[in-house]
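Residue-level listing of the chains:
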Amino acid sequence: MTEQATLDKINSQVTENPVVIYMKGSPQFPMCGFSSRAAQALADTGLPFSFVNVMDDPQIFENLPKYADWPTFPQIYIGGELIGGCDIVLELAERNDLKQMMNEAIENQKA
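Please read these numbers as outputs of a predicted model, since none were measured by experiment.

Undergrad: Give a description of the pattern of salt bridges that names residues and reports values.
TA: Applying the stated rule across the entire model yields 5 salt bridges. Between lysine 9 and aspartate 57 there is a salt bridge, and its shortest N-O distance comes to 3.1 Å. Taken together, the residues lysine 9 in helix 1 (residues 3–16) and aspartate 57 in the loop between strand 2 (50–53) and helix 3 (58–67) connect sequence positions 48 residues apart. For lysine 9, a relative accessible area of 32% puts it in the partly exposed group. Residue classification places aspartate 57 among the buried residues on the basis of a relative accessible area of 17%. One network of salt bridges, with partners in common, ties together Glu91, Arg95 and Asp97.

Undergrad: I'd like a rundown of the packing of helix 1 against helix 3, residues and numbers included.
TA: The packing of two helices is summarised by the inter-axis angle and the distance between the axes. The N-to-C vectors of helix 1 and helix 3 enclose an angle of 75°; their axes lie 9 Å apart at closest approach. As the angle between them shows, helix 1 and helix 3 are arranged roughly perpendicular. Side by side, helix 1 and helix 3 meet where Glu3, Thr6, Leu7, Lys9, Ile10, Asn11, Gln13 and Val14 of the first sit next to Gln59, Ile60, Asn63, Leu64, Lys66 and Tyr67 of the second. The residue makeup of the contact of helix 1 with helix 3, split by class, is 6 nonpolar, 5 polar and 3 charged.

Undergrad: Go over the side chain of glutamine 75, please, and point to the residues and values.
TA: Looking at the element boundaries, glutamine 75 is found in strand 3 (residues 75–78). Polar side-chain contacts of glutamine 75 include one of 2.8 Å to the backbone oxygen of tryptophan 70. Discounting chain neighbours no more than four positions away, the residues touching glutamine 75 are Val20, Ile21, Tyr22, Leu64, Pro65, Trp70, Leu82 and Gly84.

Undergrad: Which residues make up the packing of helix 2 (residues 33–44) against helix 4 (residues 86–94), and what values go with them?
TA: At a minimum axis distance of 9 Å, the contact between helix 2 and helix 4 shows a crossing angle of 30°. As far as their axial angle goes, helix 4 and helix 2 are roughly parallel. Note on packing geometry: the crossing formed by helix 2 with helix 4 is left-handed. Of helix 4, the residues touching helix 2 (which contributes Phe34, Arg37, Ala38 and Ala41) are Cys86, Val89, Leu90 and Ala93. Of the residues belonging to the contact of helix 2 with helix 4, the class tally is 7 nonpolar, no polar and 1 charged.

Undergrad: Would you mind going over the state of the cysteines in detail, with residue names and values included?
TA: The final tally for this structure, using the stated rule, is 0 disulfides. Here cysteine 32 stays free of any disulfide, with the sulfur of cysteine 86 as its closest cysteine sulfur at 8.0 Å. Taking relative accessible area as the criterion, cysteine 86 reaches 4% and is therefore assigned buried.

Undergrad: Which residues make up the sheet that holds strand 3, and what are the values?
TA: Strand order in the open sheet formed by 4 strands is 2-1-3-4, and the pairing between neighbours is mixed. The two strands at the open ends of the sheet, each matched to only one other strand, are strand 2 and strand 4 (81–84). Across this sheet, the average inter-strand angle for adjacent strands is 25°, counted without regard to direction. Taken together, the 4 bridges between strand 1 (residues 19–23) and strand 2 define a ladder with parallel strand orientation. If you follow tyrosine 22 over to strand 2, its bridge partner there is valine 52. With respect to the sheet, helix 1 is in contact with strand 1, strand 2 and strand 3, its orientation differing from that of strand 1 by roughly 135°.

Cut-offs applied
- Residues numbered from 1 in each chain as written.
- Predicted model: local features only at pLDDT ≥ 70, side-chain atom pairs only at ≥ 80, totals over all residues.
- Heavy atoms only, no water.
- Salt bridge = Lys/Arg side-chain N within 4 Å of Asp/Glu carboxyl O.
- Helix = DSSP H or I, 4+ residues; strand = E, 2+ residues; numbered from the N terminus.
- Buried < 20%, exposed > 50% of the residue type's maximum accessible area, 1.4 Å probe, protein only.
- Axes fitted to C-alpha atoms, helices over the stretch in contact; angles between N-to-C directions.
- Parallel < 35°, antiparallel > 145°, perpendicular 65-115°, else oblique.
- Contact = heavy atoms within 4.5 Å.
- Nonpolar A, V, L, I, M, F, W, Y, C, P; charged D, E, K, R; others polar.
- Polar contact = N/O pair within 3.5 Å; in protein donor to acceptor, adjacent residues only side chain to side chain.
- Left-handed = near helix turned anticlockwise from the far one by under 90°.
- Disulfide = S-S within 2.5 Å.
- Pairing = 2+ DSSP bridges.

In C-alpha cells, the structure reads:
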C-alpha cells in the first residue's frame, strides 16, 4: 500500500468513527502501559469506541505519525480531531470532560 493510500485509510477510520484510538495492542490485550491506560480511560466512560492495533498494520504504524504530526502512540481521535495521547486523555477523564466529548462526537455522527 502506498503512503497516500495508507493516509487515506487512516482518514477514513478517523472520520467514520466518532471515537478511535490507535494503540499498541487492543483494549483487552494492550501491548504497552500508555495504550492500556488510555484505552481504560475510554472504556471507563461506558461509551463505545473503536480501536486500531498499530502492531497489526506496519503501514499504519509507519504513517500515522505523519497524519496529524503526532509522533507517539497511542493517538486518540474524537469527532475526527486528534485529542492527543495517554496523558491528555487521562487529564480529560480526570476533569470529567472525556465522556462529554465522546458523547457529543457520537451524537454528531448520528445526526
